[in-house]
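# Observations on chain architecture
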Amino acid sequence: MKIYICPALMDALVFLVTFAVMYRAGEQDMSITQCAWLAGLFQLVYMLASLAIGFLLSRRNTRIILLASVVLGTLCGVTCLMAKEFLLILVAFGCLGIFMAFFFNAFQAFMRTEAAPGDLKRAIGLYTLAWSLGSAAGILSSGFFYQLGFTVLSALIMLGGGVMLVVLFMHKPRPAEASSADEHVERGSEKAPPVDPIYVWIGWLMIFMAMFVQRPIHSFFPAISAKAGVSAFVTGLPLFLQMAVQAVVGLAMIRWCHLLYRRTPLGLAHGGAAVLLLVMWRWPTLPVCFLGISLLGAYAGFIYFCSVYYSSNSGRRSLNIGVNEFLVGLGSVAGLFISEWVMQRTGNDTNMYLVIAVALLISLAAQLAIASRFRRAAV
């Protein structure tokens, strides 16, 4: 249970560093091109590193890679904060993206090998809870810690890295010869349909769309709110609540695992999220968007749990998760640039919600077609 402190802390630290790097870029009057390089390089190297580590991870090397990624990621985070030259910040931030890919891929492999057969759903539920709460804490506290200065922020990053190392070193791993969830195919529950490997592909589409939905909202909603004169605190609250609701739903999926490998919950999740987005597009008032963004956390919690579960329960699991994390980056980039393109061409910022809703419905059609057309294969 204690090891789940690590993804919570790491996600919080990533949010703190990212906020500090991007906010300082604005304070130093860096160009839009320089800001784009900072954000884009992080996502690009995260994507490529996730694919690479997916091929390399094994039960024998997972712990070493996990420990190394904590140390190197912490050092890169501090370097991002203390560096003053753009090129050094760019290199350090890019390296941070690489080591974050190593960390999150390695941790998911680690938690599978540390879970007993039949405990995969519990491990993924706790993992979803942990990283979602870490993200929520990072969103809520970034501005406050930034005001304390980079020396204090660097010390906080080092402290977080130290706590993660202590937790990992104190954890007593399962014997190498003991069977684990990584070699076991788990049925969600007696009520759930049999495991269907085609859902690995559906899970990949799900996580791509989860990021396609979430990243533009987290990136553009603050700017839209600032133009409307909404305070920074009020603007951050629905983003925080979205991650908090996501955490709760991800944990609840441990008991709701009868929803796995079914088309109806899949359709309801995507369809419900599309309806929320269309309502926000049609009535883009602060109360409507506040409620809609917060409720999207329920959609995200279900989607993230399912996508990780499907990838972790069939075939080459480390490679499946590597593709998952690659699609996290790809979905983020696609959602940002497609939304931005439409917003610029139409001159209407709220069209972002329409773009995301349409993309959701197209993706839902593709997922249902895959689930309906292909027969169940051997696991």
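Shown above is the structure to which this text applies.
Here is what the cut-offs are and how they apply
- Residues numbered from 1 in each chain as written.
- Predicted model: local features only at pLDDT ≥ 70, side-chain atom pairs only at ≥ 80, totals over all residues.
- Heavy atoms only, no water.
- Core = buried A, V, L, I, M, F, W, Y, C linked by side-chain atoms within 4.5 Å.
- Buried < 20%, exposed > 50% of the residue type's maximum accessible area, 1.4 Å probe, protein only.
- Contact = heavy atoms within 4.5 Å.
- Phe/Tyr/Trp six-rings, centres within 6.5 Å; stacked < 30°, edge-to-face > 60°.
- Helix = DSSP H or I, 4+ residues; strand = E, 2+ residues; numbered from the N terminus.
- Axes fitted to C-alpha atoms, helices over the stretch in contact; angles between N-to-C directions.
- Parallel < 35°, antiparallel > 145°, perpendicular 65-115°, else oblique.
- Left-handed = near helix turned anticlockwise from the far one by under 90°.
- Nonpolar A, V, L, I, M, F, W, Y, C, P; charged D, E, K, R; others polar.
- Expected span 1.5 Å × (residues − 1).
- Patch = residues over 30% accessible without salt bridge, like charges linked within 9 Å, V, L, I, M, F, W, Y side chains within 5 Å.
- Areas by Shrake-Rupley, 256 points an atom, 1.4 Å probe, with all protein chains shown as cover.
- Salt bridge = Lys/Arg side-chain N within 4 Å of Asp/Glu carboxyl O.
- Polar contact = N/O pair within 3.5 Å; in protein donor to acceptor, adjacent residues only side chain to side chain.
- Disulfide = S-S within 2.5 Å.

Right, let's talk about the nonpolar core for a bit. Counting residues in hydrophobic clusters, the biggest one holds 120 residues, and the most contacted among them are Y4, F103, F107, I217, L260, L277 and Y353. In contact with Y353, other than residues within four places in its own chain, are I217, F221, L277, M280, W281, C289 and I293.

Centre distance and the angle of the planes are the two values used to describe a pair of aromatic rings. In total, this model carries 18 aromatic pairs according to the counting rule given. Seen from their ring centres, F103 and F107 are 6.1 Å apart, and the 25° between their planes marks the pair as stacked. One end of the pair, F103, and the other, F107, are both in helix α4 (residues 86–114), 4 residues apart, so they sit about a helical turn from each other. Exposure remark for F103: the relative accessible area of 0% places this residue in the buried category. The exposure class of F107 is buried, given its relative accessible area of 0%. Between the aromatic rings of F208 and F212, the centroid separation amounts to 6.1 Å while the plane-to-plane angle is 40°, which identifies the pairing as tilted. A residue pair is termed a helical-turn pair when its members lie 3 or 4 positions apart in one helix, as F208 and F212 do in helix α7 (residues 199–227) at 4 residues. On the basis of relative accessibility, which here comes to 4%, the residue F212 falls in the buried class.

How two helices sit against one another is set out by the angle between their axes and by the gap between those axes. Closest axis-to-axis distance for the helix α3 (residues 62–82)/α4 pair is 8 Å, and the angle between their directions is 155°. Our classification of the angle between α3 and α4 gives roughly antiparallel. Considering how the two elements wind past one another, α3 and α4 form a crossing that is left-handed. Here the residues of the contact of α3 with α4 are counted per class, giving 19 nonpolar, 5 polar and 1 charged.

For the rest of this paragraph, the subject is the side chain of S225. Inspection of the secondary structure puts S225 in helix α7. Not counting residues within four places of it along the chain, the set of residues in contact with S225 comprises V230 and T235.

On to the packing of α7 against helix α12 (residues 351–373). The N-to-C vectors of α7 and α12 enclose an angle of 175°; their axes lie 10 Å apart at closest approach. With respect to each other, α7 and α12 are oriented roughly antiparallel. The segment α7 lies against α12, with Y199, I202, L205, M206, M209, F212, V213, P216, I217, F220, F221 and I224 engaging M352, Y353, I356, A359, L360, S363, A366, Q367, I370 and A371. In the contact of α7 with α12, the residues fall into 20 nonpolar, 2 polar and no charged.

Before going further, it helps to examine helix α11 (residues 317–346). With 30 residues, α11 should cover 44 Å at 1.5 Å per step; its first-to-last C-alpha distance of 42 Å lies within 8% of that length. Following α11 by one or two positions, G347 has its phi on the positive side, about 70°.

So, on to unusual backbone geometry. Notably, Y261 is not glycine yet its phi reads approximately 55°, a positive angle. Turning to its location among the elements, Y261 is positioned in the loop between α8 (232–252) and α9 (263–282). Owing to a relative accessible area of 5%, Y261 belongs among the buried residues under this scheme.

Together, V71, L72, L75 and M158 make up a nonpolar patch on the protein surface, roughly 310 Å² of accessible area in all. Among the elements that make up the nonpolar patch, the one with the highest residue count is α3 (3 residues). Its location among the elements puts L75 in helix α3.

Note that T18 resides in helix α1 (residues 5–27). The exposure class assigned to T18 is partly exposed, which follows from its relative accessible area of 26%. Separated by 78 residues in the primary sequence, T18 and L96 place their C-alpha atoms 10.0 Å from one another. Within the structure, the side chain of T18 is placed 2.8 Å from the backbone oxygen of V14, a separation counted as a polar contact.

Turning to its location among the elements, Q214 is positioned in helix α7. A polar contact of 3.1 Å, which involves the side chain of Q214, links it to the side chain of Y304. Leave out the neighbours within four places in its chain, and Q214 touches Q242, M243, Q246, A300 and Y304.

Glancing now at the state of the cysteines. All told, the structure shown has 0 disulfides when counted by the stated rule. Distance from the sulfur of C95, which forms no disulfide, to the nearest cysteine sulfur (C76) is 4.9 Å.

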